[in-house]
Amino acid sequence: MMAAGPQMRASDDDRDRVASVLREHYAQGRLTVEEFDERLEQLYASRTYGELATLTSDLPDVDLRAMREVAPCPPAKEETVKGRLLAMWGPWAFAVSVNWGIWFAIGMGDDFDFPYPWPLWVMGPWGAILLVATVLMKFGDGRKP
């Protein structure tokens, strides 16, 4: 597996290649979880090519060039416009509902003498900003806000 002598020092790249081989053998069922973990511990403690070679000596050869690259984590699913709109307007609706509920409770507790409708100051500016963002999202040039 290694072209250099067994006493030559191994690099981090060499250890990473052997780790790839061990992962491949584990994925194919040649190693148990315990064996895989034990060999990985030994792998990262290894200093020479000879120590690395002993970790795979009882396993069939794997052509590292033919192995597929490990795929990175898939990107998060792209949100739909509907989901993004719900994420924008949901907190607004909740906050407005709570504010109007408080306003209504104050008015009911004061013999139906309702105060100035201050929840409008919560829902108005925030809602206007969300409305502009919604229009841009729906009918804009396709860029994500």
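Coordinates for the structure precede this section.
Rules used throughout
- Residues numbered from 1 in each chain as written.
- Predicted model: local features only at pLDDT ≥ 70, side-chain atom pairs only at ≥ 80, totals over all residues.
- Heavy atoms only, no water.
- Salt bridge = Lys/Arg side-chain N within 4 Å of Asp/Glu carboxyl O.
- Helix = DSSP H or I, 4+ residues; strand = E, 2+ residues; numbered from the N terminus.
- Buried < 20%, exposed > 50% of the residue type's maximum accessible area, 1.4 Å probe, protein only.

1. A short note on the pattern of salt bridges
And step 1. Scanning all chains against the criterion turns up three salt bridges.
And step 2. Between R17 and D14 there is a salt bridge, with the nearest N and O atoms lying 2.3 Å from each other. Remark: D14 and R17 occur in helix 1 (residues 12-27); sequence separation between them is three residues, near one turn of the helix.
And step 3. The exposure class of R17 is partly exposed, given its relative accessible area of 40%.
And step 4. In this structure, D58 and R39 form a salt bridge, with 2.8 Å as the shortest nitrogen-oxygen distance. Placement of the pair is D58 in the loop between helix 3 (49-56) and helix 4 (81-109) and R39 in helix 2 (residues 33-45), with a sequence separation of 19 residues.
And step 5. Looking at D58, the relative accessible area reads 52%, which means it is exposed.
And step 6. Looking at R39, the relative accessible area reads 13%, which means it is buried.

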